[in-house]
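Breakdown of the fold
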Amino acid sequence: VAGAAAGATATALTYPLDVLRARMAVSLGKDAVFDGYYRALRHVIRTEGLLSLWSGARVTLLGIVPYSGLSFSMFETMKAKVKD
C-alpha cells in the first residue's frame, strides 16, 4: 500500500512537468509557442486554466498505482529472500 501511495504521490506532483514537456516537444521549430517551462506554464494556465496541467492524470494514475505497488512489494519480498 505504501508503495502504491508513493508512486501516486510522485506522479501527481510531477505530472504537470510532463504535460509541459510534451507540449514543448510538439511545438518545436521556428513556430514554437513555448521556449521554456516558465513561458509554457504561463501560457497553459492563462489559456486553459490551472487544472489543465493535470488533464489525463487519472489514466496515468490508474496505471502507476498497481505498478508501483507491485514493484515495491516484489522488491521487499526479494530483498527478504536474498537475506535468508
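Just above, that's the structure.
Worth saying up front: this structure is predicted, and the values here are computed from it rather than measured.

This part covers the overall build of the protein chain. In terms of helices and strands, the protein chain carries 3 helices and 0 strands. Taken over C-alpha atoms, the radius of gyration comes to 18 Å for the protein chain, far larger than the 12 Å a tight globule of 84 residues would show. Viewed in the frame of its principal axes, the protein chain has a C-alpha envelope of about 60 × 25 × 20 Å. Looking at the protein chain as a whole, 21% of its 84 residues are labelled buried.

A separate point is the packing of helix 1 (residues 2-26) against helix 2 (residues 37-48). Direction vectors running N to C along helix 1 and helix 2 enclose 100°, while the axes themselves pass 10 Å from each other. It follows that helix 1 is roughly perpendicular to helix 2 by the angle criterion. Across from L17, L20, R21, R23 and M24 in helix 1, the residues of helix 2 making contact are Y37, A40, L41, V44 and E48. Tallied by class, the residues present in the contact of helix 1 with helix 2 amount to 7 nonpolar, no polar and 3 charged.

Right, let's get into the nonpolar core. Counting residues in hydrophobic clusters, the biggest one holds 6 residues: L20, M24, F34, A40, V44 and L53. Those elements that place two or more of their residues in this core are helix 1 and helix 2. Excluding residues within four positions of it along the chain, L20 makes contact with Y37, A40, L41, V44 and L53.

Turning next to a nonpolar patch on the surface. There is a patch of nonpolar side chains on the surface, built from L41, I45, L50, L51 and W54 and spanning about 460 Å² of accessible area. Position of I45 among the secondary structure elements: in helix 2.

For the rest of this paragraph, the subject is the pattern of salt bridges. Where side chains of opposite charge bring their charged atoms close, a pairing between them can arise. Throughout the structure, instances matching the rule amount to 4 salt bridges. The salt bridge partner of R21 is D18, with a shortest N-O separation of 2.7 Å. Here R21 and its partner D18 are both found in helix 1, 3 residues apart, which amounts to about one turn of the helix. Residue R21 is classed as partly exposed on the basis of its relative accessible area, which comes to 42%. Since its relative accessible area comes to 36%, D18 is described here as partly exposed. Put simply, K79 and E76 hold a salt bridge, and the shortest N to O gap is 3.5 Å. Taken as a pair, K79 and E76 lie in helix 3 (residues 57-83) at a separation of 3 residues, close to a single helical turn. Classification of K79 as partly exposed rests on a relative accessible area of 37%.

Parameters at a glance
- Residues numbered from 1 in each chain as written.
- Predicted model: local features only at pLDDT ≥ 70, side-chain atom pairs only at ≥ 80, totals over all residues.
- Heavy atoms only, no water.
- Helix = DSSP H or I, 4+ residues; strand = E, 2+ residues; numbered from the N terminus.
- Rg over C-alpha atoms; globule rule 2.2 N^0.38 Å.
- Buried < 20%, exposed > 50% of the residue type's maximum accessible area, 1.4 Å probe, protein only.
- Axes fitted to C-alpha atoms, helices over the stretch in contact; angles between N-to-C directions.
- Parallel < 35°, antiparallel > 145°, perpendicular 65-115°, else oblique.
- Contact = heavy atoms within 4.5 Å.
- Nonpolar A, V, L, I, M, F, W, Y, C, P; charged D, E, K, R; others polar.
- Core = buried A, V, L, I, M, F, W, Y, C linked by side-chain atoms within 4.5 Å.
- Patch = residues over 30% accessible without salt bridge, like charges linked within 9 Å, V, L, I, M, F, W, Y side chains within 5 Å.
- Areas by Shrake-Rupley, 256 points an atom, 1.4 Å probe, with all protein chains shown as cover.
- Salt bridge = Lys/Arg side-chain N within 4 Å of Asp/Glu carboxyl O.

Any link to function would need more than the numbers given here.
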